Structure formats: C-alpha cells, structure tokens
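Chains, contacts and geometry: an overview
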Amino acid sequence: MIYPAAGSMLYMLLELITAFLFGGLLLGLHRKIIARIQGRPGPPIVQHLIHTFKFYIKELTIPETSSMPLYVAIVLALSAVWVLAFLVGPVLLGPFSIIIMCYAVHKVSEHGIGLASGSPYTKMGSTRAVLSATAEMPLIVAPALVFFKTHTLVLSDIINYQILHGSLFMDLPLAAIATFILLLSKTPFNPFGIVWGKDIVSGYKTEHFGVIRGVMMFGEILGFFVLLWCFLTIFFGGIFNTPLTIMLTMIGVTIILGFICALTPMIAPYHSVMIQWIFALLALINVLFI
Amino acid sequence: MKIQKQTKNRILAVLTTLPILIGIILNTPLVISVAILTFFVPPSTYYLGLVLMALPKSKKEEDEREKITFTGY
Amino acid sequence: MIGRILNSLAEPKNVPKVFSVAISIILLFSLTMVFELNPNQLYPKPAPQVQVELAKQNIDISYNLAPYNRGGLPLEPDNRGIVRSQYQTPYEGWITAYLTPFSQFLRDITYHFGTTILGHPGGILDEVLYYTRGYDTILESTILFTAFTIASWVILNITAKERDKKEK
Amino acid sequence: MNDILDLNSYIIGHVLFGDIVPYLTPFSLALVITIVVFTIFLALSKPELRSVTRFGEDVVRTTTVGKKEAKFRRFMTILCGVALIGVVTTGDIFNFTLFVSLVGITNVGIFAVVKDTHVLDAAFQYGLVMMICSLPLFGGVALILAKTGTLSLGVLAGIPGNPVLNVGRMLLLVGAVGEGALAPFFATKVEMIRAKGAPYINMMHLSSLMVFTRLIEILFIVG
C-alpha cells in the first residue's frame with residue numbers, strides 16, 4: 001500500500017475527511033453524555049454525522065427576503081475558514097495567528113449568516129453574535145501570554161518549546177482556563193451559546209435548512225476539532241504530541257465539556273459576556289507569574 | 001437561452017470539484033494546494049449536495065410524492 | 001454590582017465617557033514615567049530665536065519662515081534642504097523651500113507668518129511631508145475627503161429633505 | 001531577534017508600492033485574501049428585505065434599504081475594504097493608524113445615512129469615541145517614533161522592549177480599540193448593527209475584527 005506523502009494534497013484531503021468524521025463523532029459523544037446525565041437514553045454517537053449527511057439530501061429553501069448571494073456565500077465562507085484553520089493548524093503546524101484570524105472571521109460569518117436572511121430571529125442571533133464577540137478578549141490574552149513565554153507563535157516551535165521545557169499549562173494555568181472557556185463557548189448546548197439559544201428559536205441558524213445547513217455543520221464540526229486541537233497543543237503540547245494521545249485526550253475533554261454543558265443553564269446575554277470577561281481578566285493575572 | 005437549474009448545478013459541481021482532482025493528480029506545491037482546498041472544498045460540497053438533493057426527485061419517488069394529496073386543515 | 005456596571009456600559013450614551021476616563025487613567029500613569037527619547041529625529045538648524053533674529057537683520061529672507069526654515073532651493077540637487085526622511089528617496093530635500101506666489105508674498109512682507117505659510121493647505125508642510133514620509137499625505141487627504149463625502153451626502157439627502165418636508 | 005519571523009515563520013515578500021512598503025507574510029496574505037473575497041461578495045449582494053413584526057399587529061412587514069442609500073453605503077463598504085487591505089499589509093505603524101482611522105470614518109459613513117434615529121444616535125456616540133481615541137492612537141505612534149526613531153515595523157521588530165515603548169503600545173491599543181469599536185465598547189456597535197442592510201453592516205463587523213487581529217500582531221512586533 002502506498003501512503004500519500006505528507007504535505008501533498010491527497011494527504012491533506014484525507015486528513016480533512018478524517019478530522020471531519022472524528023469531530024462529528026466527538027460532537028455525537030457530547031450529545032450522548034448530555035442525554036445520559038439528564039436521564040435520557042439519547043441518540044447514538046454517530047447521530048451528529050448522520051444529521052450532517054441527512055441535510056445534504058434534504059431540499060434547500062432560500063427565503064425570498066434574503067440577500068443573495070451573501071446568503072449562500074457567507075455559509076461557504078464559514079466552512080472555508082475552518083478548512084483553512086485546519087490545514088494551517090493540525091496539518092502544517094503553521095502560525096497560530098492565522099487560526100486567530102479564522103476565529104475572528106468565523107464570528108463575522110456568524111453575524112452575516114444571521115443578517116442575510118432578513119428574519120427577525122436570525123437578526124437577534126446576529127446581534128448577539130456581535131455582543132459575544134467579546135470572546136475576543138481571551139483570544140488576545142492567551143496568545144499574548146504564550147508569545148511572551150515562548151517568544152514564538154508558530155505552532156511547531158511552540159510544540160518544540162514544550163517538549164524541551166514542559167507543558168505550558170504548568171506556567172500559564174489561568175490562560176489555559178480562559179482558552180477552555182473559549183472552547184466551551186463553541187460547543188453546542190453551552191451556557192454561553194447566546195447566539196443559537198432556543199429563546200430565539202435557533203438564533204442565526206433559524207432559516208438555514210437543506211444543503212446549506214449541511215455545509216454549515218461541516219464547518220462547525222471542523223471548527224470544534226481545530227479549537228480542541230489548539231487548546232491541547234498549546235497548553236499540553238509537551239505531554240500529548242502523538243496522534244493517539246491527542247485523540248484520547250480529545251475524547252476526555254469532550255466528556256468534561258459534556259458534563260459542563262449538561263449541568264449549566266443558558267446565561268443571559270450580558271451576563272455571559274461578563275463571565276467571559278472575568279475569565280479573561282483572570283488570565284491577565286497570569287502575567288505576574290511569567 | 002436559459003440553462004436548467006439542475007444542469008447548472010451539475011456544471012458548477014464539476015467545475016468546483018475539478019481543481020481538487022487536478023491538484024491531487026499534479027501534486028501541486030504546498031501553498032497552492034492549501035489555497036485550492038480552502039476555496040474549493042466548501043463550494044464543491046455545496047454543489048454536490050444540491051445535485052444529490054435533486055436526484056431522487058427524477059425517479060419514482062417524485063411520482064409517489066405527487067400521489068399523496070394534502071388534506072390538512 | 002458588576003452586572004450594573006456592565007448594564008450601564010450597554011448604554012451607548014455612556015460609552016464615550018467611560019472611554020475618555022480610561023484614556024485619562026492611562027495618560028496619568030504614563031506621565032509618571034521618565035521619558036528619554038531618541039534625538040536622531042531632529043534636523044540641524046539654527047535655534048528658532050536665532051532664525052528670527054537673522055530674519056530681522058534681513059541677512060537671509062528665507063528665515064521669514066522661522067522657526068520652520070529648512071533651507072535649500074527648490075529643485076536644486078546641489079542645494080538641498082535639511083530633512084530627515086523615514087525612507088530614502090533620491091528627491092530628498094529638493095522642495096522644502098518651494099513657495100506658491102501667495103506664500104512668497106506673505107513671506108516678503110513680514111516675518112510673522114511662518115506658521116501660516118507652512119501650515120496652510122498646499123503649503124510647505126505638505127511638500128515636506130510628501131518628500132519625507134511619502135504616501136501618508138495622500139492617505140490623510142483621503143480620510144479628509146471621505147469625511148467630506150459623508151457630510152455632504154447627509155446634508156444633501158437627509159437635512160435638505162427634512163427642510164422640504166417642513167416647507168410643505 | 002526578529003519578531004516578524006517568530007510570529008509568521010517566514011516573509012513571502014515586500015511590495016514596493018512607493019514608500020509605504022507593505023510586506024507579505026502567510027498571515028497577512030490570508031487576511032488580504034479574506035478581505036478581498038468578503039468585499040467582493042458584500043459589494044455584489046443586494047440588501048435583504050428585513051421582516052419587521054410589531055406588537056399588537058398580525059402582519060409581518062418587510063422593509064429594505066432605499067436605492068440611493070444602498071448605493072452610498074455600497075461605496076463606503078468598498079472603500080472600507082480597500083482601507084482594510086492597507087491595514088493588514090502596511091509595514092509602517094503611522095500608515096497603520098491612518099488606515100485604521102480611514103476604516104473608522106468609512107464605518108461611520110456606512111451608518112450615517114441610515115434613517116433610523118436610534119441607529120444615528122449610536123453612530124453619533126461611536127463618532128465621538130473615534131474623535132476621542134485619535135489622541136491615543138496618534139500619540140502612541142508619536143511616542144514610539146520619538147523613542148526609537150523609526151516607524152518601520154521591520155526595524156521595530158528588532159528593537160527590544162522598554163517602558164516608554166510599552167506606554168506607546170498601550171496607547172496604540174486603546175486608540176485602535178476605540179477606533180474599531182472593539183471589545184469593551186461594543187454597546188454602540190450593537191445598537192448600530194440593528195440597522196437594515198446586511199452586507200454593509202457585515203462589513204463593519206469584519207473591519208473591526210480584522211483591525212483587531214492585525215493589532216495583535218503589531219503589538220507583538222513592537223517591543
């Protein structure tokens with residue numbers, strides 16, 4: 001059997017598909033855990049993937065009020081951004097700043113998805129997306145601390161640093177917690193998920209069905225995978241640096257996330273912003289320990 | 001001349017998948033393959049999805065769907 | 001308590017106030033610092049008072065531009081003005097003494113218009129900036145004209161419309 | 001030690017555009033492509049029909065942006081995109097601040113022509129913040145220039161940090177945060193974003209986040 005060379009396009013494509021399948025399974029596990037904690041049997045673990053594939057053969061409806069071609073293009077942008085983040089991050093171990101950019105563009109597309117359809121519910125969701133862009137704060141604090149500590153933001157160098165000096169989690173525990181909150185705010189059913197809260201039907205996703213929802217879910221699964229991988233690599237890169245250990249810890253972190261999501265209620269918009277801010281400020285205290 | 005929606009989608013699906021296939025065959029340099037994957041994976045999935053979505057309609061299912069008349073309200 | 005602070009931040013009216021307070025706190029902290037700056041940025045020239053004195057004695061009429069005189073003759077490669085440019089260009093210092101006829105007239109009658117000659121739109125300052133900092137000047141005027149565009153659109157389409165409504 | 005290399009692994013090249021001298025790294029290349037793609041799509045899209053429901057009525061009304069208004073806002077959107085390309089590629093902090101203020105002005109332009117009073121009120125407050133923050137924005141750069149004698153990021157990357165430079169960075173941060181309506185001052189932005197015209201509003205959000213990502217890089221490079 002011939003393996004594709006690392007860095008070739010076929011290799012990257014295969015990695016992409018693997019990450020998509022694995023991320024989908026992780027989100028399925030997440031849902032299962034939430035159900036079990038709440039005393040329900042819950043859907044099977046493959047359900048999230050099946051859900052995504054199902055949307056690919058469902059009929060696509062585009063509201064007449066929507067702003068075309070933005071309505072379609074912005075969803076494609078959402079998944080394209082995470083494809084880029086995946087290629088730069090886990091596959092090529094490139095600069096972390098590109099992943100920050102991808103997160104920022106993800107916020108923009110969330111906002112755009114909500115606005116483009118013209119429905120009042122999605123508009124509420126997108127207004128909240130702007131509000132929740134304050135999750136920017138942990139995003140600036142964590143890389144800043146990592147940069148001051150390691151003097152580099154290229155992921156491969158960060159990993160090398162951690163192999164030499166031990167994991168960054170030991171030095172920057174508060175920054176790691178802030179990043180964990182960031183990760184938490186990207187998982188489904190999380191307490192900070194004001195943008196897709198059920199109080200506004202489905203937030204910015206209310207109008208999106210059919211193929212376009214499938215593409216969106218593809219992007220979200222990849223995004224979850226990339227953020228999880230970044231969290232593990234940046235703060236635990238010294239311990240978990242083989243594919244197997246990373247996969248196992250990803251499952252572990254997903255279980256923890258499941259527990260948190262199942263046991264916490266949805267927080268009101270301004271309070272959600274406030275809590276994320278408090279964690280970011282806590283991370284700033286970490287500067288004293290460097 | 002107006003192209004039918006299904007034909008248009010098929011053409012676009014082919015057009016968006018083609019660069020990926022070409023990239024795999026030619027073994028393009030790193031930066032170009034990253035760019036190709038970023039730009040063409042989401043639209044190709046989208047258009048392939050659109051083609052898939054329309055497929056069952058052209059067969060028996062379409063007739064069966066028409067048989068069931070709506071009797072709500 | 002924290003919730004109340006955040007709720008007050010949510011009111012757009014309060015935002016400029018909070019912002020200016022934050023800036024003043026930072027500025028107050030920075031005032032306590034010892035500033036030792038890089039002296040390389042100053043170009044050599046006679047002190048302003050000496051420049052004025054020289055102009056009074058009519059030794060060199062170009063000193064009517066005091067305290068901004070940079071010397072040199074326009075478009076004379078052998079007699080360049082003294083400038084410190086950020087980027088090396090072959091045209092450095094060529095145009096620091098160029099004056100429009102009106103500015104020349106101002107310069108000739110009195111030595112009190114130095115700042116005016118320099119600072120009016122199209123004055124030396126623009127030229128000096130252009131030849132020492134390059135495209136920044138274009139960018140600055142772009143910002144200005146964008147602001148003008150917005151203001152004129154608002155005046156033409158909103159204010160004028162309101163006036164017409166009132167007349168009706 | 002070169003901070004630009006630490007951040008980006010390698011520099012693709014310099015664009016010799018007069019003397020602004022932008023440089024391209026993988027990071028700024030990704031930003032430029034994102035901005036170009038977004039600007040094209042946002043400029044091409046037509047504004048959405050916003051459905052509005054009112055309490056006590058059983059009707060859903062749709063409203064949209066007027067043609068004249070849409071034209072002007074589209075122009076501002078494109079201008080904002082061009083300014084954003086400047087923000088992410090420039091290799092000179094003073095140009096960076098100028099581009100950031102151009103972005104700020106165009107953002108106000110996008111909202112200044114909306115005919116809802118609450119949006120205009122919020123835009124007015126945002127304009128006030130922008131005017132206030134031009135002091136720290138340009139002051140910070142002036143401080144950096146006075147301390148190091150250079151504005152070029154390529155040179156600044158090699159200069160080690162010191163307290164005065166840190167004050168300059170702090171002022172730059174505050175200024176750019178205000179100019180781009182970033183995190184703590186989101187209130188005006190949220191109010192403004194209730195306006196109609198999805199593509200144009202989205203540009204504003206894009207611009208503030210792009211300014212933010214570029215700002216992080218610049219703060220790392222300086223000092």
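So, a few notes on the structure that sits alongside this text. Owing to the predicted nature of the structure, the values given are computational and were not obtained by experimental measurement.

All right, on to the overall build of chain D then. When its secondary structure is counted, chain D shows nine helices and four strands. In sequence order, chain D lays out its α and β elements as α-β-β-α-β-β-α-α-α-α-α-α-α. Out of the 223 residues belonging to chain D, those deemed buried represent 65%. Look at the contacts in chain D between residues 6 or more apart in sequence, and 70% of them connect residues 24 or more apart. When the accessible surface of chain D is totalled, it reaches about 7400 Å², and 71% of it is carbon and sulfur.

Here D:Glu69 lies in helix H3 (residues 67-89). Among the residues examined, D:Glu69 registers a relative accessible area of 10% and is labelled buried. Discounting residues that sit within four places of it in the chain, D:Glu69 has contacts with C:Trp153, D:Val113, D:Val114 and D:Lys115.

Here we take up unusual backbone geometry. Residue and element names in this part refer to chain A. One non-glycine residue, Leu93, lies in the positive phi region at around 50°. In this fold, Leu93 is placed in the loop between helix H3 (70-91) and helix H4 (96-116). By relative accessible area, which is 27% here, Leu93 ends up partly exposed.

Residue and element names in this part refer to chain D. Where strand S3 (residues 50-53) and strand S4 (residues 60-63) come together, four bridges link them in antiparallel fashion. Across the sheet, Arg50 pairs through a bridge with Thr63, a residue of S4. Between S3 and S4, which follow one another and run antiparallel, lie six residues, and Gly56 among them has a positive phi close to 90°.

All names here are of chain A. Mapping Lys186 onto the fold places it in the loop between helix H9 (173-184) and helix H10 (211-236). Owing to a relative accessible area of 12%, Lys186 belongs among the buried residues under this scheme. Look past the residues within four positions of Lys186 in its chain and what remains in contact with it is Tyr103, His106, Lys107, Glu110, Trp196 and Leu227.

Looking now at the pattern of salt bridges. Overall, the coordinates contain four salt bridges over all chains when judged by the stated rule. A:Glu110 serves as the salt-bridge partner of A:Lys186, at 3.9 Å between the closest nitrogen and oxygen. One end of the pair, A:Lys186, is in the loop between H9 and H10; the other, A:Glu110, is in helix H4, and 76 residues separate them in sequence. Residue A:Lys186 shares its accessibility class with A:Glu110, and that shared class is buried. With a closest N to O distance of 2.5 Å, D:Arg214 and D:Glu217 form a salt bridge. Highlighted residues: D:Arg214 and D:Glu217, both in helix H9 (residues 198-221), separated by three residues, approximately one helical turn.

This part takes up helix H7 (residues 155-165) of chain A. Residues and elements named next belong to chain A. For H7, the set of buried residues is Leu155, Ile158, Ile159, Tyr161 and Gln162. In a view along the axis of H7, the buried residues occupy a sector of 160°, so they form one face of it. Immediately beyond the C-terminal end of H7, within one or two residues, lies Gly166, with a positive phi of roughly 90°.

Each side of the interface is counted separately: chain A has 46 residues, and chain D has 44 residues. For the pairing of chain A and chain D, the buried interface totals around 4000 Å² over both sides, and the portion due to carbon and sulfur atoms is 77%. Here chain A and chain D share zero salt bridges between them. Joining chain A to chain D, the criterion identifies one residue pair in polar contact (both at pLDDT 80 or more). Looking at the side of chain A that touches chain D, the elements with two or more residues in it are H3, H4, helix H5 (120-131), helix H6 (136-150) and helix H12 (269-285) of chain A. Ranked by residues supplied to the side of chain A that touches chain D, first place goes to H4(A) with 12 residues. Here the side of chain A that touches chain D is composed, by residue class, of 30 nonpolar, 12 polar and four charged.

Looking now at the packing of H9(A) against helix H11 (residues 243-263) of chain A. Residue and element names in this part refer to chain A. Following both chains from N to C, one finds H9 and H11 inclined at 70°, their axes separated by 11 Å at the closest point. Of the possible angle classes, the one that applies to H9 and H11 is roughly perpendicular. Facing Phe180, Leu183 and Leu184 of H9, the residues of H11 in contact are Val253, Ile256, Leu257, Ile260 and Cys261. In terms of residue class, the contact of H9 with H11 is built from eight nonpolar, no polar and no charged.

Moving on, we come to empty space enclosed by the protein. Which parts of space are left empty comes out when a probe the size of a water molecule is rolled across the atoms. Residue and element names in this part refer to chain A. A complete count under the given rule lists six cavities of 30 Å³ or more for this structure. Of the voids in this model, the largest cavity is the one considered here, and its volume is about 200 Å³. Every residue lining the largest cavity is counted, 18 residues in all, and those nearest its centre are Phe96, Leu139, Thr179, Leu182 and Leu227. Among the secondary structure elements, those contributing two or more residues to the lining of the largest cavity are H4, H6, H9 and H10. For the lining of the largest cavity, a count of residues per class yields 17 nonpolar, one polar and no charged.

For the rest of this paragraph, the subject is the environment of A:Phe53. Along the chain, A:Phe53 turns up in helix H2 (residues 47-56). Sequence separation of A:Phe53 and A:Phe218 is 165 residues, and the distance between their C-alpha atoms is 9.3 Å.

Definitions and limits used
Residues numbered from 1 in each chain as written. Chains lettered and ligands numbered in written order. Predicted model: local features only at pLDDT ≥ 70, side-chain atom pairs only at ≥ 80, totals over all residues. Heavy atoms only, no water. Helix = DSSP H or I, 4+ residues; strand = E, 2+ residues; numbered from the N terminus. Buried < 20%, exposed > 50% of the residue type's maximum accessible area, 1.4 Å probe, protein only. Contact = heavy atoms within 4.5 Å. Areas by Shrake-Rupley, 256 points an atom, 1.4 Å probe, with all protein chains shown as cover. Pairing = 2+ DSSP bridges. Salt bridge = Lys/Arg side-chain N within 4 Å of Asp/Glu carboxyl O. Arc of directions from axis to C-beta. Buried area = accessible area lost by both parts, 1.4 Å probe. Polar contact = N/O pair within 3.5 Å; in protein donor to acceptor, adjacent residues only side chain to side chain. Nonpolar A, V, L, I, M, F, W, Y, C, P; charged D, E, K, R; others polar. Axes fitted to C-alpha atoms, helices over the stretch in contact; angles between N-to-C directions. Parallel < 35°, antiparallel > 145°, perpendicular 65-115°, else oblique. 1 Å grid on protein atoms, 1.4 Å probe; cavity = no way out; pocket = protein on both sides within 12 Å on 5 of 7 lines; lining within 4 Å. Points joined across faces, edges and corners; volume = space filled by probe spheres on them.

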